[in-house]
Amino acid sequence: MSVAMNEPAAPGEEPIEARIRRALGARSIVLVGLMGAGKSTVGRRLAQRLGLIFKDADIEIEAAAGLTIPDIFAIYGEPSFRDGEERVIARLLRAGPMVLATGGGAFMRDSTRGRIIELGVSIWLKAELDVLMRRVRKRGNRPLLETEDPEATMRALMEARHPVYAQSQIMVLSRDVAHDRVVQDVLEALDAYLGPPAVAAQ
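Keep in mind that this is a model prediction, so the values were computed, not measured.

Q: What's the story with the side chain of S168 in this structure? I'm lost.
A: Mapped onto the elements, S168 comes out in the loop between α8 (150–165) and β5 (170–173). In this structure the side chain of S168 is engaged in a polar contact, spanning 2.8 Å, whose partner is the backbone oxygen of Y165. In this view, S168 contacts V32, F107, S122, I123 and W124; residues no more than four positions away in its chain are not counted.

Q: When you look at the sheet that holds strand β3 (residues 99–101) in this model, what are you seeing that I'm missing?
A: Think of a sheet as strands paired side by side through backbone hydrogen bonds, with each pair either parallel or antiparallel. If you walk across this open sheet you meet the five strands as β2-β3-β1-β4-β5, and the pairing is parallel. Single-partner strands in this sheet number two, and they are β2 (54–56) and β5. Pairs of neighbouring strands in the sheet enclose a mean axial angle of 25°, with direction left out of account. One ladder, built from three bridges, connects strand β1 (residues 28–32) with β3; its direction is parallel. When the sheet's bridge partners are listed, V30 is paired in β3 with L100.

Q: Help me understand the pairing of β5, please; the structure alone is not making it clear to me.
A: In regular strands, side chains alternate between the two faces of the sheet. Only one face of β5 is buried, namely the one carrying I170 and V172, since none of M171 and L173 on the opposite face is buried. In the sheet, strand β4 (residues 120–126) pairs with β5 via four bridges, with the strands oriented parallel. Across the sheet, W124 pairs through a bridge with M171, a residue of β5.

Q: Got a minute to help me understand the packing of helix α7 (residues 129–136) against α8 in this structure?
A: Each pair of packed helices can be summarised by the angle the axes make with each other and by the distance between the axes. Their axes nearest at 11 Å, the elements α7 and α8 cross at an angle of 130°. Taken together, the axis directions place α7 and α8 in an arrangement best described as oblique. The two elements α7 and α8 meet at a crossing, and its hand is right-handed. Between α7 and α8, the contacting residues are L129, L132, M133 and V136 on the first element and P150, E151, M154, R155 and M158 on the second. Of the residues in the contact of α7 with α8, the class split is seven nonpolar, no polar and two charged.

Q: It is not clear to me how the packing of aromatic side chains should be interpreted in this structure. Could you clarify?
A: In this description, a pair of aromatic rings is defined by centroid distance and the angle of the planes. Inspection of the entire model under this criterion finds two aromatic pairs. On the numbers, 4.9 Å between centres and 40° between planes, the contact of F73 with F81 is tilted. The pair formed by F73 and F81 is uniform in burial state, with each residue classed as buried. Relative to Y165, the ring of W124 lies with its centre 5.9 Å away and its plane at 50°, an arrangement referred to as tilted. Taken together, the residues span a long stretch of sequence, with W124 in strand β4 and Y165 in helix α8 at a distance of 41 residues.

The rules behind these values
- Residues numbered from 1 in each chain as written.
- Predicted model: local features only at pLDDT ≥ 70, side-chain atom pairs only at ≥ 80, totals over all residues.
- Heavy atoms only, no water.
- Helix = DSSP H or I, 4+ residues; strand = E, 2+ residues; numbered from the N terminus.
- Polar contact = N/O pair within 3.5 Å; in protein donor to acceptor, adjacent residues only side chain to side chain.
- Contact = heavy atoms within 4.5 Å.
- Pairing = 2+ DSSP bridges.
- Axes fitted to C-alpha atoms, helices over the stretch in contact; angles between N-to-C directions.
- Buried < 20%, exposed > 50% of the residue type's maximum accessible area, 1.4 Å probe, protein only.
- Parallel < 35°, antiparallel > 145°, perpendicular 65-115°, else oblique.
- Left-handed = near helix turned anticlockwise from the far one by under 90°.
- Nonpolar A, V, L, I, M, F, W, Y, C, P; charged D, E, K, R; others polar.
- Phe/Tyr/Trp six-rings, centres within 6.5 Å; stacked < 30°, edge-to-face > 60°.

Shown next, in the form of structure tokens:
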């Protein structure tokens, strides 16, 4: 059980989950990062810890389009997919608070990124190349990696996207440890970001 890993709150101290929920208000927690960074896996567990609903933007896009993401890419192309992605993320952010996992390219679009930072708390789950490749090889459904050299493609994506992901409000390393350990790292980073110094500065 993940709860067993957590430090219990001291007598009279508000639990970390309650502090974060209160400080978030209507904002959503938005996970960004490359495919394989663990956004969906960590996101589900994070939502469970915080008592929030979890949404995966890619699943919501597929539901809205009635097509899989590879089919949307193949039939309509990436620009059309990004338009639909932007609309879906905007709708989800208006329905917050929640934990929202976004596709790897969502944060790259200026308007989507601006909306996420305005209406949510963005968290970049950053992972090393070998970790990402080990994870993505376990699953298909990665249109951007349908290339002769997926590792070179991933390296190019890292070079292009990491400087933009770095605009997130929080960065947490997604490493090869138990998912609950990464969730705890995210909670502690959120608690520090949303904590009293930030409130006092408002």
